Amino acid sequence: MYAPERQQEILRIARDGGRVDVLSLAEEFQVTAETIRRDLKALDRAGLVRRVHGGAIPVGRLDFEPDLTERESTAADEKDRIAKAALAELPAEGTTILDAGTTVARVAAAIPLESALTVVTHSLPIAARLADHPGIQLHLVGGRVRHRTRAAVDAWALRAYGEIRADVLFVAANGFSAEHGLTTPDLAEAAVKRAAVAAARRVVLLADSTKHGQEHFARFGDLSDVDLLITDSGLSPEDAAVIERGGTEVVRA
């Protein structure tokens, strides 16, 4: 099979399934992973797919959203380093909002037992992790629960965040950039994130470097809304400098 024929077939698979991954394609076409990466790079340059960590999604699928299990295993080492760095941003005493997200969940799991905090979250997995923490006053925001993220959304959640003021928010995003701001695939989830940002005095974005430059369907803020971005060393110093020129501090863990 010639490269253009293979690339056309890769594009068909991506459009049918919503995404493709390098290793599965390499096995299917009996070629090396590097060959598939070159194919995806060519399709990306042609504007037909957008490369993501480990594969690609077809252009036009800005609503694509991996499930919770897949996101837990993606960039796991980087997320662990980000979460460890984020612990330094917890107030000694005070109120913290924890957004729904796998990196934020790692922060929740690592909060020291001696911490004395009030924590507000609309994430069921995060609430479950913190329910037995001896030093945390936990407030669970209610609403319709999205199956894909296990996060509460819609009017109840928005109303709850409209009634509080927190010291710091740890927020997640599926994509971030200086040009397109903060994005996520779902409009309802974006609305809750936007409300959480408005409810916090300080906003800390936790996002691994694979999300830099990605753009999704629902936009919930600008990078200028973020006081601190904690990411990993995969974000280049040049890209970090561009973000910092916009007023957001950057930590590359």
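Since the structure is predicted, the reported quantities are computational estimates derived from the model, not experimental observations.

### Section: the overall build of the protein chain
And then number 1: Helix and strand content of the protein chain: 10 helices and 15 strands.
And then number 2: In summary, the protein chain has a C-alpha radius of gyration of 19 Å against a globular reference of 18 Å for 253 residues, a match within 12%.
And then number 3: Each principal axis of the C-alpha distribution contributes one length, and for the protein chain these read about 60 × 40 × 30 Å.
And then number 4: Split into buried and exposed, the 253 residues of the protein chain put 48% on the buried side.
And then number 5: In the protein chain, 60% of the contacts between residues at least 6 apart in sequence involve partners at least 24 apart.
And then number 6: As presented, the protein chain carries roughly 12,000 Å² of accessible surface, and 49% of it is formed by carbon and sulfur atoms.

### Re the UniProt feature "domain: HTH deoR-type" (unreviewed entry) in the protein chain
And then number 1: UniProt marks residues 3-58 with the feature "domain: HTH deoR-type" (unreviewed entry), using the numbering shown here.
And then number 2: Counted over residues 3-58, helix gives 64% and strand 18%. Its end C-alpha atoms are 18 Å apart.

### Digging into the pairing of strand 6 (residues 136-140)
And then number 1: One ladder, built from 5 bridges, connects strand 5 (residues 116-121) with strand 6; its direction is parallel. The residue bridging L117 from the neighbouring strand is I136, located in strand 6.
And then number 2: With helix 7 (residues 124-130) bridging strand 5 and the parallel strand 6, this β-α-β connection has right-handed handedness.

### Here's the deal with the environment of H216
And then number 1: Mapped onto the elements of the fold, H216 is located in the loop between strand 12 (200-206) and strand 13 (218-221).
And then number 2: H216 sits 32 residues away from T184 along the chain, and the two C-alpha atoms are 5.2 Å apart.

### Examining the sheet that holds strand 12
And then number 1: Taking strand neighbours across the sheet as the criterion, the 7 strands line up as 6-5-4-9-12-14-15 in an open arrangement whose pairing is parallel. In this open sheet, the two edge strands, each paired with only one partner strand, are strand 6 and strand 15 (249-252). On average, each strand axis in the sheet is tilted by 20° relative to the strand beside it, whichever way the strands run.
And then number 2: Pairing of strand 4 (residues 93-98) with strand 5 involves 6 bridges; the strand directions are parallel.

### Considerations on the nonpolar core
And then number 1: I97, Y161, L169, F176, L205 and L229 are the most contacted members of the largest nonpolar core, which has 32 residues in total.
And then number 2: The set of elements that each furnish at least two residues to this core consists of helix 8 (155-162), strand 9 (166-171), helix 9 (187-198), strand 12, strand 13 and helix 10 (237-245).
And then number 3: If we ignore the near neighbours within four places in the chain, the residues touching Y161 are I97, V120, T121, H122, V141, V192, A195, A196 and A199.
And then number 4: Within the second largest apolar cluster, 22 residues are counted, among which are A105, V119, V204 and I230.

### Topic: the side chain of T184
And then number 1: Within the fold, T184 resides in strand 11 (residues 181-184).
And then number 2: For T184, a relative accessible area of 3% translates into the label buried.
And then number 3: For T184, the side chain forms a polar contact with the side chain of N174, separated by 2.6 Å.
And then number 4: Excluding residues within four positions of it along the chain, T184 makes contact with N174, A190, K193, H216, F217, A218 and F220.

### Examining the sheet that holds strand 10 (residues 175-177)
And then number 1: Pairing is antiparallel across the open sheet formed by 3 strands, whose spatial order is 10-11-13. If you trace the sheet from one side to the other, it starts and ends with strand 10 and strand 13, each paired once. Sheet twist, expressed as the mean angle between neighbouring strand axes with direction ignored, is 30°.

About the criteria used
- Residues numbered from 1 in each chain as written.
- Predicted model: local features only at pLDDT ≥ 70, side-chain atom pairs only at ≥ 80, totals over all residues.
- Heavy atoms only, no water.
- Helix = DSSP H or I, 4+ residues; strand = E, 2+ residues; numbered from the N terminus.
- Rg over C-alpha atoms; globule rule 2.2 N^0.38 Å.
- Buried < 20%, exposed > 50% of the residue type's maximum accessible area, 1.4 Å probe, protein only.
- Contact = heavy atoms within 4.5 Å.
- Areas by Shrake-Rupley, 256 points an atom, 1.4 Å probe, with all protein chains shown as cover.
- UniProt positions renumbered as here; feature names shortened; annotations may be inferred.
- Pairing = 2+ DSSP bridges.
- Right-handed = clockwise from strand over helix to strand, strands pointing away.
- Axes fitted to C-alpha atoms, helices over the stretch in contact; angles between N-to-C directions.
- Core = buried A, V, L, I, M, F, W, Y, C linked by side-chain atoms within 4.5 Å.
- Polar contact = N/O pair within 3.5 Å; in protein donor to acceptor, adjacent residues only side chain to side chain.

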